[in-house]
Amino acid sequence: MDDFEAKRSVFVTLGTTSFDSLVRTVDSDQVKEALSEKGYTHLVIQMDYFTFYSSIADYLRSASLVISHAGSGSIFETLRMAKPLVVVVNEDLMDNHQSELAEELAERKHLFCARPQTLYQLIKSLNLDIIVPYEPGDANPVARLINKHLGFPAD
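Residues numbered from 1 in each chain as written. Predicted model: local features only at pLDDT ≥ 70, side-chain atom pairs only at ≥ 80, totals over all residues. Heavy atoms only, no water.

Enquirer: Sorry if this is basic, but what is going on with the overall build of the protein chain here?
Expert: Counting secondary structure elements, the protein chain contains eight helices and five strands. Seen in sequence order, the protein chain has helices and strands lined up from the N terminus as α-β-α-α-β-α-β-α-β-α-β-α-α. The 155 residues of the protein chain split such that 39% are buried. Put simply, of all contacts in the protein chain between residues at least 6 apart along the chain, 62% involve residues at least 24 apart. A total accessible area of about 9500 Å² is found for the protein chain, and carbon and sulfur atoms account for 51% of it. (Helix = DSSP H or I, 4+ residues; strand = E, 2+ residues; numbered from the N terminus. Buried < 20%, exposed > 50% of the residue type's maximum accessible area, 1.4 Å probe, protein only. Contact = heavy atoms within 4.5 Å. Areas by Shrake-Rupley, 256 points an atom, 1.4 Å probe, with all protein chains shown as cover.)

As structure tokens, then:
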């Protein structure tokens, strides 16, 4: 892990479903060259052995840039760490509700959103200065309203 931390690294997380098109795209000479032109020196792609780790948090913390599938857990874990994030939507999934989350957060400028076929162009034009830090919301008012509706005493 020490070597990973000392570099300007890109960490790619794939989630639990197969996302071969993201692996092929990130591993292409074109994308690796674009990342190199942006100053990134190392690329770590999450593969099967990561399933033995309870969390990828150490890799996320050490990364200079994260490229992720559109799973909400990976997105919010990365945003809470204030890491620059490129979310790549897996268009092969049926009923892809994940794209809605990624697109909404991209519209709010918390992250960048791409498809495998647009990732290269996004990286070429990547400007991290436009990112707006993500501020988690306060769920307490909603929880109080639900508790009141269910008849639980107020705290």
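On we go from here.
Enquirer: Can you walk me through the packing of aromatic side chains in this structure?
Expert: A ring pair, where both rings are aromatic, is described by two values, the distance of the centres and the angle of the planes. A complete count under the given rule lists two aromatic pairs for this structure. For the ring pair F11 and Y59, a centre distance of 5.6 Å and an interplane angle of 20 degrees mean the geometry is stacked. Taken as a pair, F11 in strand β1 (residues 9-13) and Y59 in helix α4 (residues 57-62) lie far apart in primary sequence, 48 residues in all. In this structure, F11 and Y59 share a single accessibility class: buried. In this structure, R8 packs its charged tip against the face of Y40, placed 4.2 Å from the ring centre. (Phe/Tyr/Trp six-rings, centres within 6.5 Å; stacked < 30°, edge-to-face > 60°. Lys NZ or Arg CZ within 6 Å of the ring centre and 35° of its normal.)

Enquirer: Mind showing me how you'd approach the sheet that holds strand β4 (residues 85-88) here?
Expert: What holds strands together in a sheet is hydrogen bonding between their backbones, with the strands either parallel or antiparallel. Read across the open sheet, the five strands follow the order β2-β1-β3-β4-β5; overall the sheet is parallel. In this open sheet, the two strands that pair with only one neighbour each are β2 (42-45) and β5 (112-114). Averaged over all pairs of adjacent strands, the angle between their axes in this sheet comes to 20 degrees, without regard to strand direction. Relative to β4, strand β3 (residues 65-68) runs parallel, the two sharing three bridges. Each bridged residue has a counterpart across the sheet, and for I67 the counterpart in β4 is V86. (Pairing = 2+ DSSP bridges. Axes fitted to C-alpha atoms, helices over the stretch in contact; angles between N-to-C directions.)

Enquirer: Got a minute to help me understand the pairing of β4 in this structure?
Expert: Remember that side chains alternate between the two faces of the sheet whenever the strand is regular. Here β4 shows two buried faces, one formed by L85 and V87 and the other by V86 and V88. Of the crossover connections in this fold, the one passing from β3 over helix α5 (residues 72-80) to the parallel β4 is right-handed. Where β4 and β5 come together, three bridges link them in parallel fashion. The residue bridging V88 from the neighbouring strand is A114, located in β5. (Right-handed = clockwise from strand over helix to strand, strands pointing away.)

Enquirer: Honestly, the nonpolar core in this entry has me stumped. Any pointers?
Expert: It is characteristic of soluble globular proteins that their nonpolar side chains tend to be buried jointly. Core analysis: the largest hydrophobic core is formed by 21 residues, its most contacted members being V12, L22, I67, V86 and L119. Every element with two or more residues in this core is listed here: β1, α2 (20-26), α3 (29-37), β3, β4, β5 and α7 (119-124). Every residue in contact with I67, bar those within four places of it in the chain, is listed here: V10, F11, V12, T13, L22, V26, V86, V88 and I123. (Core = buried A, V, L, I, M, F, W, Y, C linked by side-chain atoms within 4.5 Å.)

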